[in-house]
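Inside the fold
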There are 2 protein chains.
Amino acid sequence: MDPLFQLLLRMGDNTLVLGHRVSEWCGHAPVLEEDIALANTALDLIGQTQMWLGLAGEMENKGRSADDIAFLRDIWDFRNLLLLELPNGDFGQTLMRQFLFDAWHSIQLGHLINSSDPRVAAIAEKAAKEVAYHVERSADTVVGLGDGTDESHARMQAALDYLWPYVGEMFQSDAADLALVKQGIAPNPASLRGDFDALTRRVLAQATLTIPQDNYAQKGGKTGARHTEHLGHILCQMQWLQRAYPGETW
Amino acid sequence: MDPLFQLLLRMGDNTLVLGHRVSEWCGHAPVLEEDIALANTALDLIGQTQMWLGLAGEMENKGRSADDIAFLRDIWDFRNLLLLELPNGDFGQTLMRQFLFDAWHSIQLGHLINSSDPRVAAIAEKAAKEVAYHVERSADTVVGLGDGTDESHARMQAALDYLWPYVGEMFQSDAADLALVKQGIAPNPASLRGDFDALTRRVLAQATLTIPQDNYAQKGGKTGARHTEHLGHILCQMQWLQRAYPGETW
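Here goes a summary of the coordinates provided. Along each chain, residue indices are assigned from 1 in the same order as the chain's sequence is written. The order in which chains are written sets their letters, starting at A; the order in which ligands are written sets their numbers, starting at 1. Reporting in this predicted model follows two pLDDT cut-offs: at least 70 for local features of residues, and 80 or more for side-chain atom pairs to be given and counted; totals over whole chains, interfaces and linings ignore these cut-offs and use all residues. Where side-chain values are given, they derive from all heavy atoms of the structure, hydrogens and water being excluded.

This part covers the environment of Ala37(B). Only DSSP runs of H or I covering at least 4 residues are called helices, and only runs of E covering at least 2 are called strands; the numbering of each starts at the N terminus. Tracing the backbone shows Ala37(B) in helix α2 (residues 32-59). On a C-alpha basis, the gap between Ala37(B) and Asp161(B) in space is 25 Å, while along the polypeptide they are 124 residues apart.

Encoded structure:
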């Protein structure tokens with residue numbers, strides 16, 4: 001697979017799958033303000049998906065639309081991080097996951113803004129503005145809940161412990177990544193770890209949370225080698241309409 | 001819609017939807033014995049679905065298969081009782097629902113055995129043997145858990161309170177039912193209430209459970225006028241394979 005196409009799927013599948021997960025909170029968040037904020041985040045992520053997968057489709061000979069790529073692929077074709085397909089859990093776990101992803105996402109986009117491919121740079125620039133706000137908001141919530149009541153602290157620590165094994169995948173490289181580095185299109189994933197650690201350590205310390213010592217990392221999502229069982233369930237719901245009513249339009 | 005076709009959908013959709021729900025327990029039941037028993041119940045119900053919907057398909061000009069009827073219809077075409085599409089809840093709620101349905105189902109099949117339509121009578125005779133065992137087993141479990149610990153008693157009472165508003169739909173009649181009564185094909189739904197009340201009162205009393213006073217009945221499932229939000233989620237999962245891979249065979 002073309003390395004750039006791979007990058008576009010990875011970026012677009014990350015935002016598609018997390019956008020879907022976050023949208024599951026719509027109408028269920030603990031307070032109205034959070035409900036609206038989460039719905040807005042989901043909308044931002046789906047909008048970014050449209051751009052990444054739209055560009056991926058433009059690269060193809062047969063030229064699939066972003067919708068076709070999103071709705072007519074099966075599990076093994078998805079390239080999102082495993083972290084993003086995990087169930088939401090409680091509100092705290094959802095926001096902890098959001099923060100961990102936002103931290104990586106904002107750093108990644110900060111590099112992609114300088115991509116040698118002007119189309120990638122343009123999408124990154126639009127997305128980075130939204131994600132700067134996402135990470136500010138999720139970091140604030142992680143601090144508020146982590147350094148909150150005994151109950152909220154315990155839940156945030158449990159969320160961090162549960163999600164931490166899914167963080168390492170963000171920084172794993174494969175041949176596609178290295179080809180992109182060579183072409184100046186994207187940064188080496190491993191090179192983002194320093195900035196990520198600095199940001200997360202600062203926020204999690206303020207949140208009075210302890211980062212797990214074990215750095216064992218689950219993998220398989222960004223390469224597509226192995227997804228969790230949860231992705232199939234997401235696709236069942238996400239793709240139902242287009243599967244049941246092929247080619248249907250508004 | 002032809003009244004007989006309507007009856008076949010109602011019988012087949014009941015067993016299809018409950019069979020799917022019960023199958024969700026596979027690998028998750030509290031003890032191995034129960035896991036196997038539930039999987040067997042689900043298999044019986046899906047087997048009965050094959051017969052009811054198979055006969056429905058034979059009645060059509062275009063002659064859909066039982067699979068086509070099961071997997072290629074949308075929510076509004078389903079004719080199952082609302083009770084059966086409700087989420088499983090805990091093990092006790094699942095078994096309480098099973099008992100309430102088994103009680104009605106065994107009585108209904110006892111009448112259909114004498115149907116003036118020999119095809120209906122033949123299916124009913126096969127199904128009745130399985131359902132006689134289902135109701136014995138679910139009644140025993142309801143008694144065991146209802147007259148068990150404080151915790152299990154409280155859960156079974158909560159399950160009965162939650163499910164009771166969905167019982168009345170079993171006994172509601174419409175024009176199709178009355179046409180079937182006239183032709184001697186099926187009993188009047190309302191006429192089954194006496195036997196149902198006698199059976200459930202006896203078992204629930206033995207289970208030390210209190211039948212709710214309020215007889216308000218939810219409706220809309222057997223007529224297809226209005227299903228709960230849960231049916232759409234069931235269909236997402238149940239129909240996914242046939243929607244994603246149309247016409248695929250083993």
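Time to look at the relation of the copies chain A and chain B. Here the copies are superposed with least squares, the fitted atoms being C-alpha atoms of residues at a pLDDT of at least 70 in both. Turning chain A through 180° and shifting it by 0.1 Å along the axis lays it on chain B, with an RMSD of 0.0 Å. A rotation of that kind, with that shift, is consistent with a two-fold axis. Note on contacts: a residue pair is in contact if any heavy atoms of the two residues lie within 4.5 Å. Both copies share a contact surface, since 100% of the interface residues of chain A are interface residues in chain B too.

Here the focus is the packing of helix α5 (residues 91-112) of chain A against helix α6 (residues 118-146) of chain A. Between two packed helices, the angle of one axis relative to the other and the distance separating the axes together describe the packing. All names here are of chain A. Between α5 and α6, the least distance of the axes is 7 Å, while the angle of their chain directions is 145°. As α5 packs across α6, the resulting crossing turns out to be left-handed. Here the residues of the contact of α5 with α6 sort into 17 nonpolar, seven polar and two charged. Angles run from 0 to 180 degrees between N-to-C directions of axes, and those axes are lines fitted to C-alpha atoms, restricted for helices to the stretch in contact. By convention, the crossing between two helices is left-handed when the near helix turns anticlockwise from the far helix through less than a right angle, and right-handed when the turn is clockwise. Only Asp, Glu, Lys and Arg are considered charged in this grouping, and only Ala, Val, Leu, Ile, Met, Phe, Trp, Tyr, Cys and Pro are considered nonpolar; every other residue, Gly among them, is considered polar.

All names here are of chain A. Where helix α1 (residues 3-23) meets helix α10 (residues 230-238), the axes come as close as 11 Å, and the angle between the chain directions of the two elements is 75°. The angle between the axes of α1 and α10 places the two elements in the roughly perpendicular class. Counting all contacts with α1, which are made through Leu16, Val17, His20 and Arg21, the residues of α10 involved are His230, Leu231, Ile234, Gln237 and Met238. Looking at the contact of α1 with α10 residue by residue, the class counts come to five nonpolar, three polar and one charged. Note that the term roughly parallel is reserved for angles under 35 degrees, roughly antiparallel for angles over 145, roughly perpendicular for angles of 65 to 115, and oblique for everything else.

Quick look at the packing of aromatic side chains now. Note on ring pairs: Phe, Tyr and Trp rings are taken, using the six-membered ring of Trp, and paired if centres are within 6.5 Å. Classes follow the plane angle, with under 30 degrees stacked, over 60 edge-to-face and the rest tilted. Enumeration over the complete set of coordinates arrives at 10 aromatic pairs over all chains. With 6.4 Å between their ring centres and 55° between their planes, Tyr162(B) and Tyr166(B) make a pair best called tilted. Here's how the labels work: a residue is buried when its accessible area is under 20% of the maximum for its type, exposed when over 50%, partly exposed in between, all with a 1.4 Å probe on protein chains only. Tyr162(B) gets classed as partly exposed once you look at its relative accessible area, which sits at 36%. Exposure remark for Tyr166(B): the relative accessible area of 13% places this residue in the buried category. Look at Trp240(B) and Tyr245(B): their rings are 6.0 Å apart centre to centre, the planes differ by 80°, and that puts the pair in the edge-to-face class. Look at Trp240(B) and you get buried, because its relative accessible area is 16%. Assessed through its relative accessible area of 26%, Tyr245(B) is described here as partly exposed. Lysine and arginine charges are scored as sitting over a ring when NZ or CZ, respectively, is within 6 Å of the ring centre and within 35 degrees of the ring normal. Here the guanidinium or amino end of Arg73(A) rests over the ring plane of Phe78(A), the centre of that ring lying 4.1 Å away.

What follows concerns the pattern of salt bridges. Here, a salt bridge means any Lys or Arg side-chain nitrogen found within 4 Å of an Asp or Glu carboxyl oxygen. One pass over the full model with this rule turns up 24 salt bridges over all chains. Between Glu24(A) and Arg21(A) there is a salt bridge, with its nearest N and O atoms 2.8 Å apart. Arg64(B) is the salt-bridge partner of Glu60(B), the closest N and O atoms lying 2.6 Å from each other. Owing to a relative accessible area of 16%, Glu60(B) belongs among the buried residues under this scheme. Several salt bridges converge on common partners, so that one network encompasses Arg10(A), Asp174(A), Asp177(A) and Lys222(A).

All names here are of chain B. Between its terminal C-alpha atoms helix α7 (residues 150-163) stretches 20 Å, which fits the 20 Å expected from 14 residues at 1.5 Å a residue. Among the residues of α7, Ser152, Met156, Gln157, Ala159, Leu160 and Leu163 are the ones counted as buried. Down the axis of α7, the sector holding all buried residues measures 160°, keeping them to one side. Taken together, the buried residues of α7 touch α4 (82-85), α5 (91-112), α6 (118-146) and α9 (193-206). Given a helix with a known number of residues, its expected span is that number minus one, times 1.5 Å. The arc in question is formed by the directions pointing from the helix axis toward the C-beta atoms.

All names here are of chain A. Phi at Thr208 takes a positive value of approximately 55°, unusual for a residue other than glycine. Relative to the helices and strands, Thr208 is located in the loop between α9 (193-206) and α10. The class of Thr208 is partly exposed, set by a relative accessible area of 38%.

Turning our attention to the environment of Met96(B). All names here are of chain B. As for its placement among the helices and strands, Met96 is situated in helix α5. The buried category is assigned to Met96, whose relative accessible area is 0%. Linking Met96 and Glu169, residues 73 residues apart in sequence, is a C-alpha distance of 16 Å.

A few words on helix α10 (residues 230-238) of chain B. A turn of α-helix holds 3.6 residues, and therefore any two residues three or four places apart point the same way. All of the buried residues along α10(B) are Leu231(B), Gly232(B), Ile234(B), Leu235(B), Cys236(B) and Met238(B). Where α10(B) is buried, its residues contact α10 and α11 (240-244) of chain A together with α1 (3-23), α3 (66-71), α4 and α11 (240-244) of chain B.

All names here are of chain A. Tracing the backbone through its elements, the reader meets His227 in the loop between α9 and α10. Since its relative accessible area comes to 14%, His227 is described here as buried. Whenever two N or O atoms come within 3.5 Å, that pair is a polar contact, provided that in protein one can donate a hydrogen and the other can accept it, and provided that, for residues adjacent in sequence, both atoms are side-chain atoms. Polar side-chain contacts of His227 include one of 2.8 Å to the backbone oxygen of Phe78. A distance of 2.8 Å separates the side chain of His227 from the side chain of Glu85, its partner in a polar contact. When residues no more than four places from it in sequence are discounted, the contact partners of His227 are Ile75, Phe78, Arg79, Asn80, Leu82, Glu85 and Gly221.

Turning our eyes to something else, we now look at the interface of chain A and chain B. Taken together, the 11 residues of chain A in the interface contact 11 residues of chain B. Between chain A and chain B, a total of about 1000 Å² is buried, with carbon and sulfur atoms accounting for 51% of that surface. At the junction of chain A and chain B, the tally comes to four residue pairs in polar contact (both at pLDDT 80 or more). Of all the secondary-structure elements, those providing two or more residues to the side of chain A that touches chain B are α10 and α11 of chain A. If one sorts the elements of the side of chain A that touches chain B by residue count, α10(A) sits on top with four residues. Counted by class, the side of chain A that touches chain B contains six nonpolar, three polar and two charged residues. Here the quantity called buried area is the total loss of accessible area, with a 1.4 Å probe, experienced by two parts when brought into contact, counted for both.

What follows deals with the layout of surface pockets. Throughout, the protein atoms alone are placed on a 1 Å grid, and a set of points is a cavity if a 1.4 Å probe fits but cannot get out or a pocket if it is open with protein on both sides within 12 Å along at least five of seven lines; lining residues have an atom within 4 Å of a point. Grid points are joined across faces, edges and corners, and a volume is the space filled by probe spheres set on the points. There is about 1200 Å³ of room inside the largest pocket. Taken together, 36 residues form the lining of the largest pocket, with His20(A), Ser23(A), Phe71(A), Gln237(A) and Met238(A) sitting closest to its centre. The set of elements that each furnish at least two residues to the lining of the largest pocket consists of α1, α2 (32-59), α3 (66-71), α10 and α11 of chain A together with α10 of chain B. For the lining of the largest pocket, the element with the most residues is α2(A), which contributes seven residues. Here the second largest pocket defines a volume of roughly 400 Å³. Forming the walls of the second largest pocket are 13 residues, and the residues nearest its centre are Asp67(B), Phe71(B), Leu241(B), Gln242(B) and Glu248(B). If you list the elements that add at least two residues to the lining of the second largest pocket, you get α3, α10 and α11 of chain B. When grouped by side-chain class, the residues that make up the lining of the second largest pocket number six nonpolar, four polar and three charged.

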